[in-house]
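Results of the structural survey
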Amino acid sequence: MPMTSKERIAAVLNHEIPDRVPIIIGVSNATGIKMKTYQGIKTIAGIQAPDEYIYDWPELGTAKIDEKTMKRLHCDVRGVRDSHPAITLERNQTRDPHSPFIDSWGTGQKEIEPGEWFPGIHPLSDATTIEEINNYPNWPDMSDPTRIAHVKASAKELSEQGEYAILATPWLLFPLERAFAMQGMDNFLLNLAIYPDFARAMLQKTAELCKALMGPFLAELGDNVDMIKIGDDLGTQESLLMSPDMYREILKPIHADFIQFIKKRTKAKIFFHTDGDVVPLIDDFIEMGIDILNPIQTSAGKMADLANLKKRFGKNIIFCGGIDTHRILPSGTTGEVRDEVKRVMELLGVGGGYMIASVHTIMNDVPAENVLTMVDAVEEFGRY
């Protein structure tokens, strides 16, 4: 008898074998679909649904997927997210057209060409002293109740339906990513090397604010959650953004503390997102208590060796992702997509311990036909 989606995810999270490889798509920004591709999927599927954006944030460009489309995509998970504060949403909805989107941290996005937005507002880009961190006037108010006013009811409704697993995703509560947003990635990485005390203080500040929202967010979820998504992008196409020694000295203690903070407040599994070739750190992830690693960027260095990943780490961590968004999904034929899905499942899915997803967000250059081919191939080839 087929499992429900909730049962299927539960089996994987318990390191048991489900009836088929679970699918995660369209749930958070990291597993999401941009608007153009979403519109194409609805057209092919004959689905009538409004074009809405997650976080009510058109500049982010990630679609809020309607329920009919989620069912067509065979997605086994539904998401619960926080929100921008009401004052932030109102300010951005009434700002001058084409002016930057500024979030509650004072960071934001600029329009680099019509309809295309890119992170470009870094309010502490030139800072190098702890005093400048302490004197920054626009640190966010994480206690604003409008951030999580909907969370309890949304999670309770999904839980009572009992059909799908729940992945909860507070927006970018990632200490390193927030430091990048405050300074720009290049500036902060430079400061890690030449002003390590400043960099530590910045990471401690962003982590403190992440926990200030995560605590109430988890309290609102209660027991109505299966996975909590956090993370930090730590890798590039060929290596790490910092040496393993620097990671272990400076950032790992902050990640470990954040993970323990979460685990003390929920039984949900930790779903950790990091792009790039992070093979040298996977043992560290396991040691810290990370349960699920996403997105398994198969185009990045040693992450491409899926058989080795499964052999070395598969007993201790669950893999989520693996379907290439660098070449296969945007440029491959439907036949190539189908073959790649089959290949990846045969390598990562053996014995369970795998949930399939695209490598990060499905961008607007991905044909809708390829997305549907991907999920249909899971139904065809992903049965145990």
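Residues numbered from 1 in each chain as written. Predicted model: local features only at pLDDT ≥ 70, side-chain atom pairs only at ≥ 80, totals over all residues. Heavy atoms only, no water.

Some thoughts on the packing of helix α7 (residues 175–183) against helix α8 (residues 185–194)
Between two packed helices, the angle of one axis relative to the other and the distance separating the axes together describe the packing. As a reminder of what qualifies: Only C-alpha atoms enter the line fits that serve as axes; for helices the fit covers just the stretch in contact. Angles between N-to-C directions range over 0 to 180 degrees. Comment: elements are numbered from the N terminus, with helices defined as DSSP H or I runs of at least four residues and strands as E runs of at least two. Each angle is binned into one of four classes, with values under 35 degrees roughly parallel, values over 145 roughly antiparallel, values of 65 to 115 roughly perpendicular, and all other values oblique. For any helix crossing, the convention is left-handed if the near helix is rotated counterclockwise from the far helix by under a right angle, and right-handed if that rotation is clockwise. Contacts: residue pairs with any heavy atoms within 4.5 Å of one another. Basically, the charged four are Asp, Glu, Lys and Arg, the nonpolar ten are Ala, Val, Leu, Ile, Met, Phe, Trp, Tyr, Cys and Pro, and anything else, Gly included, counts as polar.
At a minimum axis distance of 7 Å, the contact between α7 and α8 shows a crossing angle of 110°. When the axis of α7 is compared with that of α8, the two are roughly perpendicular. Judged by the twist between their axes, the crossing of α7 over α8 is right-handed. Contacts between α7 and α8 pair L176, A179, F180 and Q183 from the former with M185, N187, F188, L189 and N191 from the latter. When grouped by side-chain class, the residues that make up the contact of α7 with α8 number 6 nonpolar, 3 polar and no charged.

Here's the deal with the sheet that holds strand β3 (residues 108–113)
The following threshold applies: Note on pairing: DSSP must find at least two bridges between two strands before they are called paired.
Across the sheet, 3 strands lie side by side as β2-β3-β4; this open sheet has antiparallel pairing. With partners counted over all chains shown, the strands left at the sheet margins are β2 (101–102) and β4 (116–121), one partner each. Relative to β3, β2 runs antiparallel, the two being bridged by 2 bridges. The residue bridging I102 from the neighbouring strand is G108, located in β3.

Looking at empty space enclosed by the protein
Applicable threshold: Within this scheme a cavity is a closed region of a 1 Å grid, computed over the protein atoms alone, that accommodates a 1.4 Å probe without allowing it to escape, whereas a pocket is open but has protein on both sides within 12 Å along at least five of seven lines; lining residues each have an atom within 4 Å of a point. Grid points are joined across faces, edges and corners, and a volume is the space filled by probe spheres set on the points.
As enumerated under the stated definition, the model contains 1 cavity of 30 Å³ or more in all. The computed volume of the largest cavity comes to approximately 70 Å³. Lining the largest cavity are D82, S83, H84, D103, S104, W105, R147, W171, L173, R178 and L213. Partitioned by chemical class, the residues of the lining of the largest cavity number 4 nonpolar, 3 polar and 4 charged.

Observations concerning the environment of L348
Along the chain, the position of L348 falls in helix α14 (residues 334–348). Sequence separation of L348 and N308 is 40 residues, and the distance between their C-alpha atoms is 9.6 Å. Contact partners of L348, with chain neighbours within four places excluded, come to I296, L306, K310, F319 and Y354.

Topic: the pairing of strand β1 (residues 77–81)
Spelled out, the test is: Summary of the burial criterion: residues with accessible area below 20% of their type's maximum are buried, those above 50% are exposed, and those between are partly exposed, where the area comes from a 1.4 Å probe applied to protein chains only.
With 4 of its 5 residues buried, β1 lies for the most part within the structure. Bridge count between β1 and strand β5 (residues 165–169): 5 bridges; the pairing is parallel. Among the inter-strand pairings, V77 is bridged to a residue of β5, identified as A165.

A few points about the side chain of D19
Inclusion rule: Any N or O atom pair separated by 3.5 Å or less is treated as a polar contact, with the protein-specific requirement of one donor-capable and one acceptor-capable atom, and with residues adjacent in sequence counted only for side-chain atom pairs.
In this structure, D19 sits in the loop between α1 (5–13) and α2 (35–45). Within polar-contact distance, the side chain of D19 engages the backbone nitrogen of M3 at 3.0 Å. Of the polar contacts made by the side chain of D19, one reaches the side chain of R8; its length is 2.7 Å. When near neighbours in sequence (up to four residues on either side) are disregarded, D19 contacts P2, M3, R8, G382, R383 and Y384.

A short note on the pattern of salt bridges
How we decide: In what follows, salt bridge is the name for a side-chain nitrogen of Lys or Arg lying within 4 Å of a carboxyl oxygen of Asp or Glu.
All told, the structure shown has 26 salt bridges when counted by the stated rule. Of the charged contacts, one joins D51 and K42 as a salt bridge, the two residues approaching to 2.6 Å between their closest N and O atoms. The closest approach of N and O atoms between K342 and E346, which form a salt bridge, is 2.7 Å. Highlighted residues: K342 and E346, both in helix α14, separated by 4 residues, approximately one helical turn. Among the charged side chains, a network of salt bridges with common partners joins R8, D19, R20, D76, E379 and R383.

Structural notes on the sheet that holds β5
To summarise the sheet geometry, strands pair through backbone hydrogen bonds and adopt either a parallel or an antiparallel arrangement. In space, the 7 strands of this open sheet follow the order β1-β5-β6-β7-β8-β9-β10, with parallel pairing throughout. Taken across any chain shown, the strands that pair with only one partner, and hence form the sheet edges, are β1 and β10 (354–358). For this sheet, the mean inter-axis angle between neighbouring strands, taken without regard to orientation, is 25°. Of the pairings in the sheet, the one linking strand β6 (residues 227–231) to strand β7 (residues 269–273) comprises 5 bridges and is parallel in character. In the strand pairing of β7, M227 is matched with K269.

A word on the side chain of H273
Topologically, H273 is positioned in strand β7. At a separation of 3.5 Å, a polar atom in the side chain of H273 contacts the side chain of D233. Engagement of the side chain of H273 in a polar contact is seen with the side chain of N294, the distance being 2.7 Å.

Examining α14
Let me state the cut-off plainly: Expected span of a helix: the number of residues minus one, times 1.5 Å. It is the directions from the helix axis to the C-beta atoms whose arc is reported.
Over its 15 residues, α14 extends 21 Å from the first C-alpha to the last, a length consistent with the 21 Å expected when each residue adds 1.5 Å. Every buried residue of α14 is listed here: V337, E340, V341, V344, M345 and L348. In an axial view of α14, the angular spread of the buried residues amounts to 125°, which keeps them on one side of the axis. Structurally, α14 contributes buried residues whose contacts are with α12 (306–313), β9 (318–323), α13 (328–331), β10 and α15 (368–381).

Points about the layout of surface pockets
One number sums up the size of the second largest pocket: a volume of about 690 Å³. Every element with two or more residues in the lining of the second largest pocket is listed here: α3 (67–72), β1 and α6 (151–161). Partitioning the lining of the second largest pocket into residue classes produces 12 nonpolar, 6 polar and 9 charged.

Description of the packing of α12 against α14
Relative orientation of the contacting elements α12 and α14 amounts to 25°, with a least axis distance of 8 Å. The pairing of α12 with α14 is recorded here as roughly parallel in orientation. The way α12 lies across α14 gives a crossing that is right-handed. Facing α12, whose interface residues are L306, A307 and K310, α14 presents R343, V344, L347 and L348. Classifying every residue of the contact of α12 with α14 by side-chain character gives 5 nonpolar, no polar and 2 charged.

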